[in-house]
Amino acid sequence: MNEQQVASFWETHPCGDHQVGGLKDDYLDFFNRYDAFRYRKEGHIIGCLDGIDWRGKEVLEIGLGQGADSEQIIRRGGRWSGLDLTQEAVDRTSTRMALRGLDFGAVKQGSILDAPYDDDSFDIIFSHGVLHHVPDIATAETELRRLIRPGGELIIMMYAKWSLNYLVAISVLRRLGLAAMVTLGVRGGGIYAEHYDNAKQMGLGRYLAMDNFIHRSTDGAGNPYSKVYDRAEVEKDFPHFQVTKTYKRFMYAPPLPVTNWPGGRLMGWHLWAHLTPR
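Residues numbered from 1 in each chain as written. Predicted model: local features only at pLDDT ≥ 70, side-chain atom pairs only at ≥ 80, totals over all residues. Heavy atoms only, no water.

1. Some remarks on the overall build of the protein
The secondary structure content of the protein amounts to 12 helices and seven strands. Here the protein has a C-alpha radius of gyration of 19 Å; the compact-globule value for 278 residues is 19 Å, and the two agree. For the protein, the C-alpha atoms occupy an extent of roughly 60 × 45 × 40 Å along the three principal directions. Of the contacts made within the protein by residues no fewer than 6 positions apart, 70% connect residues no fewer than 24 positions apart. Carbon and sulfur atoms make up 53% of the accessible area of the protein, which totals about 12,500 Å². (Helix = DSSP H or I, 4+ residues; strand = E, 2+ residues; numbered from the N terminus. Rg over C-alpha atoms; globule rule 2.2 N^0.38 Å. Contact = heavy atoms within 4.5 Å. Areas by Shrake-Rupley, 256 points an atom, 1.4 Å probe, with all protein chains shown as cover.)

2. What about helix α7 (residues 164–184)?
Because each turn of an α-helix spans 3.6 residues, side chains separated by three or four positions in sequence point in the same direction. At Ile170, α7 is deflected by roughly 35 degrees, the largest bend along its length. Residues Asn165, Tyr166, Ala169, Ile170, Ser171, Leu178, Met181 and Val182 constitute the buried set of α7. Against the buried residues of α7 lie α8 (190–202), α9 (204–208) and α10 (210–216). Following α7 by one or two positions, Gly185 adopts a phi angle in the positive range, close to 75 degrees. (Bend = angle between axes of the 7 residues up to and from the residue. Buried < 20%, exposed > 50% of the residue type's maximum accessible area, 1.4 Å probe, protein only.)

3. Quick look at the sheet that holds strand β2 (residues 79–84)
Read across the sheet, seven strands follow the order β3-β2-β1-β4-β5-β7-β6 without closing on themselves; strand pairing throughout is mixed. Edge strands, defined here as strands with exactly one partner in the open sheet, are β3 (107–109) and β6 (241–249). The average angle at which neighbouring strand axes cross in this sheet is 15 degrees, direction not considered. Pairing between β6 and strand β7 (residues 270–277): eight bridges, direction antiparallel. (Pairing = 2+ DSSP bridges. Axes fitted to C-alpha atoms, helices over the stretch in contact; angles between N-to-C directions.)

4. Brief notes about the side chain of Ser121
If you trace the backbone, Ser121 turns up in the loop between β3 and β4 (122–128). In terms of polar contacts, Ser121 uses its side chain to reach the backbone carbonyl oxygen of Asp118, at 2.6 Å. (Polar contact = N/O pair within 3.5 Å; in protein donor to acceptor, adjacent residues only side chain to side chain.)

Set out below in structure tokens:
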């Protein structure tokens, strides 16, 4: 697994794009539809962002998606800059900011493994649902420590290991369902067909092994890399930082119909962590 594979996937699968019908010609309409969908489904994000003091802070966001959270940070007073591995996300986020008439810093295409910024450049580094897709997290962590100022804060969202989604939906239900489909020769359609084809090509047992299936079960059957975290794993992968607090949000475990049910603080899929540099 390497960064180029990760970049190739996300360049052609912009985060959340397919969930609202894709970007066509009308950028403003797309951003409005995307934001409405995102914050209706994951409304906890707004609450989490409101709990952070962005005012006057130099903020770097790692991984931009459609720029929705970027806009929210700017509107809360952050002096925002953005970095993304893909040119597609850079272009979309830049277009969003221009259409919204927002003041912002540079939006750069580049890698967190070799970030194009000086040492001690940022008061806050924010990354929502991105660093768990970085295979070389050790190098990324070293770069994050280099970029953050003394007294600064790293705020990240990682997929949660102790979640209903990982422990039940991914580890048990989806694997059993796919095994039944392949055994019975039922290909299905959409993402089910993609999983079916992958399993036939790789071999069912190898495809369903958790060291492979976890990658394919978080962001699409073609996703090359994902990792799940608990607090101990965050502490292990971010040794140059002190974890000051963690909390979980967002009950989500398809195919179970539990999205946004109570219990997200206990078994939610999103693990937020706040860290300070040692």
